[in-house]
Amino acid sequence: MNQMSIKSLPVRAAVLTAVCAAAFWSSPSLAVNGKPAIDKETVVFGVGKAIGNLDGQVAATGDSQRYGWQMYDTLFAFDAQGKVQPWVATKVDISDDGLAYTFTLRDDVRFHDGTLLTSTDVKYSLERILDPVVKSTRRPYFANLVDRVETDGDHKATFHLKHPDGAFLNKIAGYLLLVPKAYTESLPTPEDFARAPIGSGPYKFAGQKIGQSIELERFDDYWGAKPGIKRLIFKVIPEPASRVNAILTGEADIVDYVPGADVARMKETKGLKVTSVPIGSPLAVRLYSNVPDSPLSKQGVRLALNYALDIDAIIKGVLHGIGKPMASYISSVYPYGVDPDLKPYGYDLEKAKKLLAEAGYPKGFKTELLCPSDQPKELCEAISAYWSMAGVQAAVKVMDYTAWSRLNNTHKGGPMTIMQFSNAIYDPIHPISGAATKAGTWSDYFNPEVEKLVAEGGAETDPAKRDQIFREIGRLLHDDGHAVLISELYYTYAQDAGLSWEPQYGSGYYNLRNVSWK
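Keep in mind the model is a prediction, meaning the values are calculated, not measured. (Residues numbered from 1 in each chain as written. Predicted model: local features only at pLDDT ≥ 70, side-chain atom pairs only at ≥ 80, totals over all residues. Heavy atoms only, no water.)

> Whenever I open this one, the overall build of the protein confuses me. Can you help?
When helices and strands are tallied, the protein shows 19 helices and 18 strands. For 518 residues, the compact-globule estimate of 2.2 N^0.38 gives 24 Å, and the C-alpha radius of gyration of the protein, at 23 Å, lies within 12% of that figure. Summarising its shape, the C-alpha atoms of the protein cover approximately 70 × 60 × 40 Å along the three principal directions. The proportion of buried residues among the 518 residues of the protein is 58%. Across the protein, the fraction of contacts at a sequence separation of at least 24, relative to all contacts at a separation of at least 6, is 71%. Here the protein has roughly 20,300 Å² of accessible surface; of this, 51% comes from carbon and sulfur atoms. (Helix = DSSP H or I, 4+ residues; strand = E, 2+ residues; numbered from the N terminus. Rg over C-alpha atoms; globule rule 2.2 N^0.38 Å. Buried < 20%, exposed > 50% of the residue type's maximum accessible area, 1.4 Å probe, protein only. Contact = heavy atoms within 4.5 Å. Areas by Shrake-Rupley, 256 points an atom, 1.4 Å probe, with all protein chains shown as cover.)

> It is not clear to me how the layout of surface pockets should be interpreted in this structure. Could you clarify?
If a probe the size of a water molecule is rolled over the atoms, the empty space left behind becomes visible. The volume enclosed by the second largest pocket comes to roughly 900 Å³. Forming the walls of the second largest pocket are 34 residues, and the residues nearest its centre are Gly52, Asn53, Ala59, Asp63 and Arg406. Here the lining of the second largest pocket is built from residues that sort into 13 nonpolar, twelve polar and nine charged. (1 Å grid on protein atoms, 1.4 Å probe; cavity = no way out; pocket = protein on both sides within 12 Å on 5 of 7 lines; lining within 4 Å. Points joined across faces, edges and corners; volume = space filled by probe spheres on them. Nonpolar A, V, L, I, M, F, W, Y, C, P; charged D, E, K, R; others polar.)

> Is there a simple way to explain unusual backbone geometry in this structure?
Residues other than glycine predominantly adopt negative phi, and peptide bonds predominantly adopt the trans conformation. With an omega dihedral of 5°, the bond running from Gly414 to Pro415 counts as a cis peptide bond. Structurally, Pro415 can be placed in the loop between helix 16 (401-408) and strand 15 (416-420). With phi around 50°, Tyr257 is a residue other than glycine that occupies positive phi space. Position of Tyr257 relative to the elements: it lies in the loop between strand 11 (254-255) and helix 11 (260-267). One non-glycine residue, His411, adopts positive backbone phi at about 60°. Of the residues examined, His411 reaches a relative accessible area of 36% and is grouped as partly exposed.

> Quick question: what am I supposed to make of the environment of Ile210 here?
Take Ile210: it is sitting in the loop between strand 8 (203-209) and strand 9 (213-218). In sequence terms Ile210 and Ile51 are 159 residues apart; their C-alpha atoms lie 8.2 Å from each other.

> Sorry, what's going on with the packing of aromatic side chains here?
Both the distance between ring centres and the angle between the ring planes are used here to describe each pair of aromatic rings. Tallied over the full model, the rule gives 27 aromatic pairs. Look at Tyr361 and Phe365: their rings are 5.4 Å apart centre to centre, the planes differ by 65°, and that puts the pair in the edge-to-face class. Taking the relative accessible area as the measure of exposure, Tyr361 reaches 18% and is therefore buried. Overall, Phe365 belongs to the buried group, its relative accessible area being 10%. By way of ring pairs, the aromatic residues Phe45, Phe234, Tyr257, Tyr491, Tyr493, Trp501 and Tyr510 are connected into one cluster. (Phe/Tyr/Trp six-rings, centres within 6.5 Å; stacked < 30°, edge-to-face > 60°.)

> Would you mind going over the sheet that holds strand 5 (residues 100-105) with me for this structure?
Strand pairing in a sheet relies on backbone hydrogen bonds, with the paired strands running either antiparallel or parallel. Taken together, four strands build an open sheet; the order of strands is 4-5-7-6 and the sheet is antiparallel. One side of each edge strand has no neighbouring strand; the edge strands of this open sheet are strand 4 (89-94) and strand 6 (146-151). The average undirected angle you get between the axes of adjacent strands in this sheet is 20°. Across five bridges, the pairing between strand 4 and strand 5 is antiparallel. (Pairing = 2+ DSSP bridges. Axes fitted to C-alpha atoms, helices over the stretch in contact; angles between N-to-C directions.)

> Is there a simple way to explain the pattern of salt bridges in this structure?
Close approach of charged atoms lets side chains of opposite charge pair. Tallying each qualifying case throughout the model produces 23 salt bridges. Salt-bridge contacts for Asp147 lead to Arg148; the nearest nitrogen and oxygen are separated by 2.8 Å. Taking the relative accessible area as the measure of exposure, Asp147 reaches 44% and is therefore partly exposed. Measuring nitrogen to oxygen at the nearest pair gives 2.6 Å for the salt bridge that ties Asp192 to Arg195. Here Asp192 and its partner Arg195 are both found in helix 9 (residues 190-195), three residues apart, which amounts to about one turn of the helix. Using a relative accessible area of 56% as the deciding quantity, one classes Arg195 as exposed. (Salt bridge = Lys/Arg side-chain N within 4 Å of Asp/Glu carboxyl O.)

> Looking at this structure, how should I read the packing of helix 18 (residues 448-459) against helix 19 (residues 463-480)?
The packing of two helices is summarised by the inter-axis angle and the distance between the axes. Interhelical geometry of helix 18 versus helix 19 gives an angle of 160° and a closest axis separation of 9 Å. It follows that helix 18 is roughly antiparallel to helix 19 by the angle criterion. The two elements helix 18 and helix 19 cross, and the hand of that crossing is left-handed. Along its contact with helix 18, which presents Glu449, Val450, Leu453, Val454, Glu456, Gly457 and Gly458, the element helix 19 presents Arg466, Ile469, Phe470, Glu472, Ile473, Leu476 and Leu477. (Parallel < 35°, antiparallel > 145°, perpendicular 65-115°, else oblique. Left-handed = near helix turned anticlockwise from the far one by under 90°.)

> Looking at this structure, how should I read the pairing of strand 5?
Consecutive side chains along a regular strand alternate between the two faces of the sheet. Here strand 5 lies mainly inside the structure; six of its six residues are buried. Along strand 5, one buried face is formed by Ala100, Thr102 and Thr104 and the opposite face, lined by Tyr101, Phe103 and Leu105, is buried too. Counting the residues in the hairpin turn of strand 4 and strand 5 gives five residues, including Gly98, whose phi is positive at 70°. Taken together, the five bridges between strand 5 and strand 7 (residues 156-161) define a ladder with antiparallel strand orientation. Across the sheet, the residue bridging to Thr102 is Thr158, located in strand 7.

> Hey, could you run me through the state of the cysteines in this one?
Chemically, a disulfide is nothing more than a covalent bond linking the sulfur atoms of two cysteines. Enumeration over the complete set of coordinates arrives at one disulfide. Between the sulfur of Cys371 and that of Cys380 lies a disulfide, 2.0 Å long from S to S. Of note, the bridge from Cys371 to Cys380 carries an S-S torsion of about 75° and is right-handed in sense. You can call Cys380 buried: its relative accessible area is 0%. (Disulfide = S-S within 2.5 Å.)

> Teacher, can you tell me more about the pairing of strand 12 (residues 272-287) here?
With 14 of 16 residues buried, strand 12 is to be regarded as a mostly interior element. With eleven bridges joining them, strand 12 and strand 16 (residues 484-496) adopt antiparallel strand pairing. Paired with Leu272 across the two strands is Asp496, which belongs to strand 16. Pairing analysis gives five bridges linking strand 12 to strand 15, with the strands arranged antiparallel.

> Looking at this structure, how should I read empty space enclosed by the protein?
According to the stated counting rule, one finds five cavities of 30 Å³ or more in the structure shown. Considering every element that reaches the lining of the second largest cavity, the biggest residue donor is strand 12, with four residues. The residue inventory of the lining of the second largest cavity, partitioned by class, reads nine nonpolar, two polar and two charged.

> Can you walk me through helix 15 (residues 377-390) in this structure?
Counting along an α-helix, one turn takes 3.6 residues, and residues three or four places apart therefore face a common direction. When the terminal C-alpha atoms of helix 15 are compared, their 21 Å separation across 14 residues agrees well with the 20 Å that a helix rising 1.5 Å per residue should span. Helix 15 sits mainly inside the fold: ten of its 14 residues count as buried. Where helix 15 ends, the next residue or the one after it, Gly391, has phi of about 105°, a positive value. (Expected span 1.5 Å × (residues − 1).)

None of the figures reported here should be taken as evidence of function without further support.
Spelled out as structure tokens, the structure:
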């Protein structure tokens, strides 16, 4: 296949999708503009990803981001723009040395089983995350940080840290979902909690049809503002065309992951509101670079894979313009750590070939690219096609998202896989420690310089100094080809215009605490 045909692959895929979309859009039976799927006490949210685990302390961000903020509370929380604010805790007192955080708790917070939330539950929630038996994906963020938690009566809990941490409150807001000690300990195994979860959030668990739907009910004893609806139903609709159909025909009131090919037409549809928001997430190819004797263990190969991609063409053709080239694994949405002088790699096929030859692969090599079903297959195919021009033959393997997630969370998705890293705490320590350090849950990469800077950046509490440290980390990762950077990720939502709801800015988390019908 020649260069012109390869470069046109994303465009041809986009045209094909657009043709299919145009055929679909001929359907005259629209049911939007204040016409609920069930009634005005209910919102049906069509989601593209199945929810495989309802234990918010165990599930990865990509799973818990849909239900986490609905079912669970945290000591501190994020507002609509990502600013940390008191939540279950009314305040925090921080010691002069930055090693003790004393939270004063509200006295009116109840769990869904009616029991009052106390400092004992806060202490237990952290200790449960640290317990290796629980297999929490949040454990790496606290295991080497929190020494112990002490309680003082029912409404004070003090976290003693092993070292200062400039993002500790962000981690508390994003990772420490609170669970009831008595109920959770009464269950035979940690896995049983996921089958009947209890939190203290504005919605409580009502039922689940595995792989089909999850129903939540408004928790009327919630301490804060009550949701404007009584029921929230997450309906799993994996096929993009089916989600578009669901919102247009009234099967759903909101849908996520609107295909790029459909965005322009949907924006012109009366009764629909379509919104694209950046989620602070790098869309990238995760490379298992720490596997001995693998081509990916060589810096030149990793850099070649970056230079071999025409990112502008991929964003335009496959992502339909909804994206932005990245220069670093740190999203531009983050408040610091973004170096404006660092530029994306750019498309340079000859440089890619030269780097491969210098690395010992003048004729390229064969490999596999795992492609989760939540990403467009055309994206994986376009990446593979570009690489083939440099001699790298990457066989694309499409896998159901839930099954893929289990592999991705346990370092079994090699040799490379498409992956997004959702912003969970509005701080660059999250993607870097999670995906670029030796102990990262989603990392198969090791760089001593990065490890040293991550330790420094994690302990630094001065925002200006943290900014400089993370800028340097971004440059190191860029120069070392830590991952194959594709695009800043945007989520596009379509909702009935009769709904009052704004997506969370800069985060993959869904905030449905205030959704209501107008």
